[in-house]
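# Examination of the molecular architecture
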Amino acid sequence: MGANINATPQHKIGSGFGRDSTAAEVIAGIDLHGKTAIVTGGYSGLGLETVRALASAGAAVTVPARRPEHAREVLAKAAIPSGTDAGQVSVAALDLAEQSSVKDFAAMFLAAGQAAGADGGVRSLDILINNAAIMASPERRVGPGWESQFATNHLGHFALTNLLWPALAAAPGARVVSLSSTGHKLSPIRFDDVNFESGYDKWRAYGQAKTANSLFAVQLDSLGRDSGVRAFAVHPGGIMTELQRHLPREEMIASGWLDESGKVDSRFKTPAQGAATSVWAATSPALAGMGGAYCEDCDIAESTATGSPEARIRGVDAHAVDLADAARLWTLSAELTGINAFG
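As the structure is a prediction and not an experimental result, all values here were calculated from the model. (Residues numbered from 1 in each chain as written. Predicted model: local features only at pLDDT ≥ 70, side-chain atom pairs only at ≥ 80, totals over all residues. Heavy atoms only, no water.)

### A few points about the overall build of the chain
- Scanning the chain from terminus to terminus reveals 11 helices and 10 strands.
- Split into buried and exposed, the 343 residues of the chain put 55% on the buried side.
- Considering only contacts within the chain whose residues lie at least 6 apart along the sequence, 76% involve residues at least 24 apart.
- Element-wise, carbon and sulfur atoms account for 52% of the exposed surface of the chain, whose accessible area totals about 14,000 Å². (Helix = DSSP H or I, 4+ residues; strand = E, 2+ residues; numbered from the N terminus. Buried < 20%, exposed > 50% of the residue type's maximum accessible area, 1.4 Å probe, protein only. Contact = heavy atoms within 4.5 Å. Areas by Shrake-Rupley, 256 points an atom, 1.4 Å probe, with all protein chains shown as cover.)

As structure tokens, then:
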């Protein structure tokens, strides 16, 4: 695998947007009619707001869901834009923790495109936003004994993207957005023990998974660039959503996320603000010709200022954009899943 020598540098480009920008604001004026998108986890939190924004611009959006009926109910109540000016939103079954489910979804998506195409060509996929995640969950093993956060947040999306590669490559200028977070600062990839067989720590496991999400974007961009497919990693910001479902209230209070009355700290974004960076990375014309970068607050992030007061909450650590580790993780992921569109 070649070195990612053309990755976009980790420096702000002056996007004109910022921390408080919303998904609706960053997509204003962008026309996605005729475009197709997939948003994993697109029926709760910032995923729901991401779907809302893409559909409002005309994209046809597929929302893979572990609980399809629940997803349909949520989307029906969410007042997602509809009508002639908005894109259709559909739901399909997918459990990212189960590789067989990932394979079934990808096969269904590709087959549906072939059935609909008059020329029997490959269905195109313009935007893939790998948004779904679990965070700081109790120790759980899935598949052949994989640690569940690494398996769900990374390996599930790794397999999904590779299986959907024909559709991505068929689209002119497709983009893949991988949801990372400042959680990546909690752990690099533990190549000697990615499944935490020597002792489980829920936050280090989450950190490793978020580092994996960033490194995945780095390597995918390197591999997919010649086919016109670009990839970005995104830190959406702190948002109080169902992602916190595994955290005791006492732990969130101790972390300063909530006060004793349950009021959310002002550092947190709204879901509409949290979705903005994903939507910006997926659609902004300002990113044309760019890729392989980690983004935050609707711009490309700067490298972490090591030792600064904001080092824990801002910027991207070197281990999350390391070229050698990105290639090594891709090889490992391909070996674990048996899937590699570039093998």
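### Considering the layout of surface pockets
- Roughly 250 Å³ of internal volume is contained in the second largest pocket.
- Class assignment of the residues belonging to the lining of the second largest pocket gives a composition of nine nonpolar, four polar and five charged. (1 Å grid on protein atoms, 1.4 Å probe; cavity = no way out; pocket = protein on both sides within 12 Å on 5 of 7 lines; lining within 4 Å. Points joined across faces, edges and corners; volume = space filled by probe spheres on them. Nonpolar A, V, L, I, M, F, W, Y, C, P; charged D, E, K, R; others polar.)

### Here's the deal with helix α2 (residues 45–56)
- With 12 residues, α2 extends 17 Å between its outermost C-alpha atoms, agreeing within 8% with the 16 Å of an ideal straight helix rising 1.5 Å per residue.
- Every buried residue of α2 is accounted for by Leu46, Gly47, Leu48, Glu49, Thr50, Val51, Ala53, Leu54 and Ala55.
- Where α2 terminates, the next one or two residues include Gly58, which has phi positive at roughly 105 degrees. (Expected span 1.5 Å × (residues − 1).)

### Here we look at the packing of helix α5 (residues 148–163) against helix α7 (residues 202–224)
- Remark: α5 packs on α7, axes separated minimally by 7 Å, with the N-to-C direction vectors making an angle of 20 degrees. As the angle between them shows, α5 and α7 are arranged roughly parallel. Viewed along their axes, α5 and α7 form a crossing whose handedness is right-handed. Packed against α5, whose contacting residues are Gln149, Phe150, Asn153, His154, His157, Phe158 and Thr161, the element α7 presents Lys202, Ala205, Tyr206, Gln208, Ala209, Lys210, Ala212, Asn213, Phe216 and Leu220 at the interface.
- Class assignment of the residues belonging to the contact of α5 with α7 gives a composition of eight nonpolar, seven polar and two charged. (Axes fitted to C-alpha atoms, helices over the stretch in contact; angles between N-to-C directions. Parallel < 35°, antiparallel > 145°, perpendicular 65-115°, else oblique. Left-handed = near helix turned anticlockwise from the far one by under 90°.)

### Some details on the packing of α7 against helix α11 (residues 323–337)
- With their axes 8 Å apart at the nearest point, α7 and α11 run at an angle of 90 degrees to one another. Judged by the inter-axis angle, α7 sits roughly perpendicular to α11. Between α7, through Ala212, Leu215, Phe216, Val218, Gln219, Leu220 and Leu223, and α11, the contact on the second element is made entirely by Leu323, Asp325, Ala326, Ala327, Leu329 and Trp330.
- The residue makeup of the contact of α7 with α11, split by class, is 11 nonpolar, one polar and one charged.

### Comments concerning the sheet that holds strand β1 (residues 36–39)
- Here eight strands make up an open sheet; going across it, the order is β3-β2-β1-β4-β7-β8-β9-β10 and the pairing mixed. Strands at the two margins of the open sheet, each flanked by one partner only, are β3 (89–93) and β10 (299–300).
- Here β1 pairs with strand β2 (residues 60–65) via three bridges, running parallel. Looking at the pairing, Ile38 lines up with Thr62 of β2. (Pairing = 2+ DSSP bridges.)

### Overview of α5
- At Leu155, α5 shows its maximal kink, close to 30 degrees.
- Of all 16 residues in α5, 15 are buried; the element is thus mostly enclosed.
- Taking the backbone nitrogen of Gln149 as reference, a side-chain oxygen 2.8 Å away marks Glu147 as the first, capping residue of α5. (Bend = angle between axes of the 7 residues up to and from the residue. Polar contact = N/O pair within 3.5 Å; in protein donor to acceptor, adjacent residues only side chain to side chain.)

### Points about the pattern of salt bridges
- A complete count under the given rule lists 12 salt bridges for this structure.
- The salt bridge involving Arg72 is made with Glu69; its shortest N-O contact spans 2.8 Å. With Arg72 and Glu69 both in helix α3 (residues 68–77) and three residues apart, this pair spans about one turn of that helix.
- Overall, Arg72 belongs to the partly exposed group, its relative accessible area being 36%.
- Shared partners join several salt bridges into a network, and the residues in it are Lys269, Asp297, Glu310 and Arg314. (Salt bridge = Lys/Arg side-chain N within 4 Å of Asp/Glu carboxyl O.)

### A closer look at the packing of aromatic side chains
- The full count for this structure, using the stated rule, is eight aromatic pairs.
- Relative to Phe216, the ring of Phe158 lies with its centre 6.2 Å away and its plane at 70 degrees, an arrangement referred to as edge-to-face. Separated by 58 residues along the polypeptide, Phe158 in helix α5 and Phe216 in helix α7 bring together distant segments of the chain.
- Look at Phe158 and you get buried, because its relative accessible area is 1%.
- For Phe216, a relative accessible area of 4% puts it in the buried group.
- Taken together, the aromatic side chains of Phe158, Trp165, Phe216, Trp330 and Phe342 make up a single cluster linked through ring pairs.
- The cationic tip of Arg190 hangs over the ring face of Phe196; the distance from NZ or CZ to the ring centre is 3.7 Å.
- One Lys or Arg, Arg328, reaches over the ring of Phe191 and ends 3.9 Å from the middle of that ring. (Phe/Tyr/Trp six-rings, centres within 6.5 Å; stacked < 30°, edge-to-face > 60°. Lys NZ or Arg CZ within 6 Å of the ring centre and 35° of its normal.)

### A look at the nonpolar core
- Residues Ile27, Leu32, Leu54, Val61, Leu75, Ile129 and Trp280 are the most contacted members of the largest nonpolar core, which totals 41 residues.
- Looking at which element gives the most residues to this core, the answer is α2, with six residues.
- When sequence neighbours within four positions are dropped, the list of residues in contact with Trp280 reads Ile13, Ser15, Phe17, Val26, Arg175, Leu287, Cys295, Cys298, Asp299 and Ile300.
- Counting 36 residues, the second-largest nonpolar core is a separate cluster that includes Ile38, Val176, Val229 and Ile339. (Core = buried A, V, L, I, M, F, W, Y, C linked by side-chain atoms within 4.5 Å.)

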